Amino acid sequence: MFLTISATGTPERPATDLGYLLHKHPDNAQTFSTSYGTAHVLYPEASAERCTAALLLEVDAVALVRRGKGKGRGGAPDAALAQYVNDRPYAASSLLAVALSAVFSSAMKGQCNARPELPARPLPLRVEVPALPARGGADLVRALFEPLGWTVTVEAVALDAEFPGWGDSRYVRLVLESERLTLSEALRHLYVLLPVLDDAKHYWVSSDEVDKLLRAGDGWLPDHPEQKLITSRYLSRRWSLTREAMERLELVRLAEADDSAVEEIDNAVAEETEADSEDAAEPEEKSVSLAVQRRDAILAALHASGAARVLDLGCGQGQLVQALLKDTRFTEIVGVDVSMRALTVASRRLKLDRMGERQAERVKLMQGSLAYTDNRLKGYDAAVLSEVIEHLDLPRLPALEYAVFGSARPKTVLVTTPNVEYNVRWETLPAGHSRHGDHRFEWTREEFRAWAERVAGRHGYGVEFTPVGPDDPEVGPPTQMATFTMSAKEEKAA
Ligand code: SAH
């Protein structure tokens, strides 16, 4: 099975840039072994005007069966034979998608060290897949690729060219053309949509498949009109995984829709004030913004807890992660957020790609939803949820409670959230409005205390409360913080 990717170019922007982007030199034919067979990359043509890379996968049908990943063992004799004689070696399917991501992983991620400016640049691209099993036919092929900016040509492939009377096969020849997509986008479209069109049971569906889908779908899947079909087929119609993916996509959409309005009242000013107070001569003249006060309160509570390995859950654009990195007490810092866009900003802020090895080992950013248990989050000293809980719908809050206090179970958990009583003190806030468009609720001190005490009691933690910002005698502080500490008995048991 194979596919080709072609770019056209000009003397200033030669098509052979494709070779840089794919990290494969046009003059060489290269071979890679993948789990399902051998992949070859070669360039049938490579000039400034036009450059074509071909990915060829020789599927080892026997290895597939031996790995126990073939179709059902035993059963009817023809089923046994079908393990060895099937379309897998010829049709573009999930196996080709896996090879694509293995062989072109940097290109898929949009990384190019040799020419860092290239990946973000759209290219005139043409992709050809000569034999694509397309369940749903030409209409579905169009419905999947056209909304992404591709011009789509689909031709049915005859069952046998010599016997037109036999009609068409279930395969199509697909040609995609676009001038406005980047190579990374193109590859991520193929990585997801080839297996979706094949719609065969995949050999590789596991729970981290949801992560892979969200990563590959970054920037296009959250808004795709066929999102549901794509998600469900990609995950081999596993209902629980599909539901998880759909919910996470919805969160990504929501989080990104109001990204521009990041915590406008109390956080947006933070950037400037913070920069000023660090660099300017007379910081004491400026009132320190609430976001900075919150970060200081969190740092103080983390110091008091003695934590070294810290999770920043709902890390947003990475301000706290950055502050933690500056403090050598923290040996491992993990930022988690559902919004890919926030994580991209965070990664840029932290200059993750230019960081020395020692620093880079201390920090990690992960995409994930706090409404699901996640084994990657187990075993940390502390977790911070700074201005995060109020972004969840109240009915989803118990899921977060369980994921953090029941499953991840760090020794210390810090939770901050607005104190709604204080809202009357914000001059710019119209009465009855919450501080941010995406806040699903804002609590009084009493409501927060009741919630925190219930969660602490249920999961074996003690809890204490700290005001953050000016503690108004009548309405309390603008931000309230709860410090949860795992009880000694629980800690021993863990
Ligand atoms: N902690 C940061 C950002 C707070 S804004 C700060 O204190 O400034 C809330 C963040 O929570 C957003 O980045 C949003 O994407 C994230 N978020 C909301 N719901 C989430 C969920 N279910 N799982 C993970 N992150 C979530």
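First, a word on what this report is: a plain description of the structure on this page. (Residues numbered from 1 in each chain as written. Predicted model: local features only at pLDDT ≥ 70, side-chain atom pairs only at ≥ 80, totals over all residues. Heavy atoms only, no water.)

Considering the overall build of the chain
Applied cut-off: Numbering of helices and strands starts at the N terminus; helices are DSSP runs of H or I of at least 4 residues and strands are runs of E of at least 2. A 1.4 Å probe and the Shrake-Rupley method give the accessible areas. Residues count as covered only by the protein chains that appear here.
Scanning the chain for helices and strands turns up 18 helices and 14 strands. Carbon and sulfur atoms provide 51% of the accessible area of the chain, an area that totals close to 23200 Å².

What about helix α14 (residues 340–350)?
Along an α-helix, residues three or four apart share an orientation, since each turn contains 3.6 residues. This is how it is decided: Burial classes: relative accessible area under 20% of the type maximum marks a residue as buried, over 50% as exposed, and values in between as partly exposed (1.4 Å probe, protein chains only). Note: the arc covers the axis-to-C-beta directions of the helix.
For α14, every residue scored as buried is listed here: M340, A342, L343, A346 and L350. Across the axial projection of α14, the buried residues extend over an arc of 155°, all falling on one side.

Details of the site of the ligand
This is how the line gets drawn: The criterion for a residue being near a molecule or strand is simple. One of its heavy atoms has to lie within 4 Å of it. For this analysis, a polar contact is any N or O atom pair within 3.5 Å, provided that within protein one partner can donate a hydrogen and the other can accept it, and provided that sequence-adjacent residues contribute only side-chain to side-chain pairs.
The environment of the ligand is made up of 18 residues, and the closest members are G314, G316, D337, L370 and S386. A distance of 2.9 Å separates a nitrogen atom of the ligand from a polar backbone atom of L370. For the ligand, the accessible surface in isolation is 570 Å², of which the surrounding protein chains cover 88%.

Brief notes about the sheet that holds strand β8 (residues 309–313)
How we decide: The rule for pairing is simple: two strands pair if DSSP sees at least two bridges between them. To define axes, lines are fitted to C-alpha atoms, for helices over the stretch in contact only, and angles between the resulting N-to-C directions are given on a 0 to 180 degree scale. Should any heavy atoms of two residues lie within 4.5 Å, those residues are considered in contact.
The strand order across the open sheet formed by seven strands is β10-β9-β8-β11-β12-β14-β13, and the pairing between neighbours is mixed. Of all the strands in the sheet, the pair left with one neighbour each is β10 (363–367) and β13 (461–468). Sheet twist, expressed as the average angle between the axes of neighbouring strands with direction ignored, equals 15°. Here helix α17 (residues 445–459) sits on the sheet in contact with β12 (412–418), β13 and β14 (479–486), set at roughly 155° to β13.

Considering the packing of helix α6 (residues 137–145) against helix α7 (residues 183–198)
Threshold: Our angle categories are set so that under 35 degrees counts as roughly parallel, over 145 as roughly antiparallel, 65 to 115 as roughly perpendicular, and the remainder as oblique. In this scheme the crossing of two helices becomes right-handed for a clockwise turn of the near helix relative to the far one and left-handed for an anticlockwise turn of less than a right angle. In this classification, Asp, Glu, Lys and Arg are treated as charged, Ala, Val, Leu, Ile, Met, Phe, Trp, Tyr, Cys and Pro as nonpolar, and every other residue, Gly included, as polar.
α7 packs onto α6 with a crossing angle of 155° between their chain directions and a minimal axis gap of 11 Å. On the basis of their axis angle, the class for α6 and α7 is roughly antiparallel. For α6 against α7, the interelement crossing comes out right-handed. Where α6 abuts α7, its residues L140, V141, L144 and F145 lie against H189, L190, L193, V196 and L197. The residue makeup of the contact of α6 with α7, split by class, is eight nonpolar, one polar and no charged.

A look at the pattern of salt bridges
To keep things clear, this is the line we draw: Within this document, salt bridges are pairs made up of a side-chain nitrogen of Lys or Arg and a carboxyl oxygen of Asp or Glu, the two lying within 4 Å of each other.
Within the structure shown, the criterion is met by 26 salt bridges. D17 is paired through a salt bridge with R115; the nearest N and O atoms lie 3.3 Å apart. Remark: R115 occurs in the loop between α5 (105–109) and β5 (123–133) and D17 occurs in helix α1 (residues 17–22); sequence separation between them is 98 residues. Take R115: its relative accessible area is 22%, and that puts it in the partly exposed class. With a closest N to O distance of 3.8 Å, E209 and K212 form a salt bridge. Taken as a pair, E209 and K212 lie in helix α8 (residues 208–216) at a separation of three residues, close to a single helical turn. Note on E209: relative accessible area 0%, which makes it buried. The network of salt bridges with shared partners includes R126, E128, E155 and R173.

Section: the packing of α7 against α8
Running from N to C, α7 and α8 point in directions that differ by 140°, and their axes come no closer than 9 Å. It follows that α7 is oblique to α8 by the angle criterion. Mapping the contact onto sequence places R188, Y191 and V192 in α7 and E209, K212, L213, R215 and A216 in α8. The residue inventory of the contact of α7 with α8, partitioned by class, reads four nonpolar, no polar and four charged.

Focus: the nonpolar core
To keep things clear, this is the line we draw: Side-chain atoms within 4.5 Å link the members of a nonpolar core, which is a set of buried Ala, Val, Leu, Ile, Met, Phe, Trp, Tyr and Cys residues.
Judged by nonpolar contacts, the single largest core of 71 residues is most densely connected at F145, W150, L183 and V192. Ranked by residues supplied to this core, first place goes to α7 with 10 residues. For W150, the contacting residues outside a window of four places in its chain are L125, V127, F145, L176, E177, S178, L181, A186 and H189.

Structural notes on the side chain of T182
Its location among the elements puts T182 in the loop between β7 (168–181) and α7. Contacts of T182, omitting those with residues within four sequence positions, involve P119, A120, R121, P122 and L125.

Considering the environment of T153
By the secondary structure assignment, T153 is in strand β6 (residues 151–158). Separated by 20 residues in sequence, T153 and R173 place their C-alpha atoms 8.1 Å apart. With near-sequence residues (within four places) excluded, T153 lies in contact with R173, L174, V175 and E177.

Regarding the pairing of strand β4 (residues 50–59)
With seven of 10 residues buried, β4 lies mostly within the body of the structure. Pairing analysis gives seven bridges linking strand β1 (residues 2–8) to β4, with the strands arranged antiparallel. Residue pairing across strands places T8 opposite R50, the latter belonging to β4. Sheet analysis places strand β3 (residues 37–46) next to β4, joined by eight bridges and oriented antiparallel. The residue bridging G37 from the neighbouring strand is V59, located in β4.

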